[in-house]
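Summary of structural features
Here's the letter readout for the chains.
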Amino acid sequence: MSPRLWLVAIVLLFLAAAQTPELAAQSSPASSLEQREPQPVAASVSTAPASLQSATMDQVVDRAIEREHALIELLKTRTPLVETYLQNLKFVPRVGPAPVQDHYFLGRMDLGESMDRRDYLSKDTSFESRLLGGFNRLYKLEYKPMGFSWMIYADRDDFNRKTYDFKYVHREFLGDVRCIVFEVSAKPGTGNGRFRGRIWVEDQNYNIVRLNGFYEPHPRNAYFFHMDSWRLNLISGYWVPAYIYSEEGDFSYRSNDKITFKAQTRLWGYDLQKGAKNGEFTEVVVDSTVKDESPARQDASPLQAQWRWQQQAGDNVIERLQNAGLLAPEGEVDVVLETVVNNLLTTNNIELPGPVHARVMLTLPLETFSAGNTIVVSRGLLDVLPDEASLAMVLSRELAHIILGHNLGSKYAFSDRLLFSDESTYQNLGFRHVPEEETAADEKAIELLKNSPYAQKLNTPGLFLREVAARGPALSALLTPHLGTGFTNRKGAMDRMVLLMNSAPALDPTKLDQIAALPLGGRVKLNAWDDHVDLIKTTPVAITSARYKMPLEVTPFSPWLTRSGAVINPTATANAANPTPRK
């Protein structure tokens, strides 16, 4: 199949109607979508301001086309992970557009000639089968996530002057980077699925750093979604696709849009091939001054041996998840998490046989688990937690499992049990506890919190749980764990830390100073090339309407662009679209 047909895969086919119109997607072949070899030809660019010579603008366009093809060539050997999260919307009085249903896709994308994608979540194990339930008699849902992934390029096959016209618009800064903005439109008769919109070209090497628009014309009974695609300068000379925001729908008076949604797509893991370091042994330098001895020259006690065995299993799992691109490398965020864990242990006078570590899983669904003596928290969960007390609440549950000896996965101390493909990770790993252990962990976690520095700040964690419970039925994909434990059951009802939730004040969406949960993307910045994560700090912004609180909601991307090697201010690079609400 031609890669362009994947664009058509973002199609919504309505087979029946319900109270909330549901979305479906189909692929529709078109005779005009054959593969074509790019053939740049001479052409003039539309008139620019007098201070900018036409020839200069022609050279900018030529260079931008050249750099785009160089990027496509560079990425042909890369297989990044691609994650798309989509929320269907419905207008709610006093609240505005609100999520009523969501969808989640995770896969690995081959950026070679065929532009293929392999999904991590199969249909029978992902949220989709549970989400549809009995409603599948009324409509059919068939999203094609490859369509969202394809939006990393304006036109992978035919981005050239023969196919497109370029019109100078203006100059504009995106963060620290000055850009030249062009309107791009396809020439008549060049086929379906052509890009129409704007591109931002940075003014040093003339790489495209942002694309904003859609594809036209669309085939019969098909739609192409609008997209806002951002790139980051993570390696010298190239700007790598990292974020894509999509949105459709108009809620103005008498609008009759049937397609209403907003979606975020993230890419990461470009450098996983290098990160694996198959030739790592050749890089090892043996230090002859090191002596093979340790202070404690004795065998481990049975308890210590058990602890080490569990940790060996956990270390094997952590290594496997990192190699699969699902876990961030060790970094400063882990230190923050471990500090909170140590606060809980110290104030409760608990001494374990060894240290407890913490790591960040790179995926969006809100979940936690412990592998051996390492606590793993998803990026999405860290994103939406409103304060440190809420983080302590999340960590306390997994810490309680470790304290109570609810250790899972010791079989992975045998590393051969981790010899499976990356795509089958979710089918081969799982760290869910039996209900009795979950109940015991809830009780122990509340005990830990009441004896901790967070004891007087537990209203906010309780409000967070109330917010999750209130939105649970509409956000089943976000709240469905794939490796560990979430907060709700399959019906969307809260079944974790219920006592803490019930002790919190009532949830009041109209109170501007009650921030129960943050929008998605407000805490963690992910480096798409090497998978490192950092906590970001946004400038507090006054909330003037309850609609700006947007708990657990998708929002647009607006990264502060900076060039590779520049001094980066973590506060300045924060996602400006997701400011931390000021109470």
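It should be noted that the structure appears before, not after, this text.
Residues numbered from 1 in each chain as written. Predicted model: local features only at pLDDT ≥ 70, side-chain atom pairs only at ≥ 80, totals over all residues. Heavy atoms only, no water.

1. Remarks on the nonpolar core
Nonpolar side chains in soluble globular proteins generally cluster together in the buried interior. If you look at the biggest cluster of nonpolar residues, it comprises 139 residues, and the most contacted ones within it are Ile 199, Phe 464 and Phe 487. With nine residues, the top contributor of residues to this core is helix 9 (residues 388–403). Discounting chain neighbours no more than four positions away, the residues touching Phe 464 are Leu 381, Val 384, Leu 385, Pro 386, Met 393, Phe 487, Ala 516 and Ala 517. (Core = buried A, V, L, I, M, F, W, Y, C linked by side-chain atoms within 4.5 Å. Buried < 20%, exposed > 50% of the residue type's maximum accessible area, 1.4 Å probe, protein only. Helix = DSSP H or I, 4+ residues; strand = E, 2+ residues; numbered from the N terminus. Contact = heavy atoms within 4.5 Å.)

2. Describing the environment of Glu 216
Topologically, Glu 216 is positioned in strand 7 (residues 208–216). Taking the C-alpha atoms as reference, Glu 216 lies 8.5 Å from Gly 191; in sequence the two are 25 residues apart. If sequence neighbours within four positions are ignored, Glu 216 has contacts with Gly 191, Asn 192, Gly 193, Arg 194, Arg 196 and Phe 224. Of the polar contacts made by the side chain of Glu 216, one reaches the side chain of Arg 196; its length is 3.4 Å. (Polar contact = N/O pair within 3.5 Å; in protein donor to acceptor, adjacent residues only side chain to side chain.)

3. Regarding the environment of Glu 73
Tracing the backbone shows Glu 73 in helix 2 (residues 54–74). When the C-alpha atoms of Glu 73 and Leu 111 are compared, they prove to be 9.1 Å apart, with 38 residues separating the residues in sequence.

4. Considerations on unusual backbone geometry
At the junction of Glu 216 and Pro 217, the peptide bond is cis and its omega measures out at -15° in the coordinates. Among the structural elements, Pro 217 can be located in the loop between strand 7 and strand 8 (227–235). Backbone geometry places Asn 349, a non-glycine residue, at a positive phi of 55°. Following the sequence through the fold, Asn 349 ends up in the loop between helix 7 (332–347) and strand 11 (357–361).

5. Here's the deal with the packing of helix 9 against helix 11 (residues 435–450)
For the pair helix 9 and helix 11, the least separation of the axes is 8 Å and the interaxial angle reads 120°. Of the possible angle classes, the one that applies to helix 9 and helix 11 is oblique. Pair helix 9 / helix 11 crosses with right-handed handedness. Contacts from Ala 392, Met 393, Ser 396, Arg 397, Leu 399, Ala 400, His 401 and Ile 403 in helix 9 reach Glu 437, Glu 438, Ala 441, Asp 442, Lys 444, Ala 445, Leu 448 and Leu 449 in helix 11. (Axes fitted to C-alpha atoms, helices over the stretch in contact; angles between N-to-C directions. Parallel < 35°, antiparallel > 145°, perpendicular 65-115°, else oblique. Left-handed = near helix turned anticlockwise from the far one by under 90°.)

6. What to know about helix 11
End to end, helix 11 covers 23 Å across 16 residues, agreeing with the expected 22 Å (1.5 Å per residue, within 8%). Looking only at helix 11, the buried set comprises Glu 438, Ala 441, Asp 442, Lys 444, Ala 445, Ile 446, Leu 448 and Leu 449. On the buried face of helix 11, the contacting elements are helix 7, helix 9 and helix 13 (498–502). (Expected span 1.5 Å × (residues − 1).)

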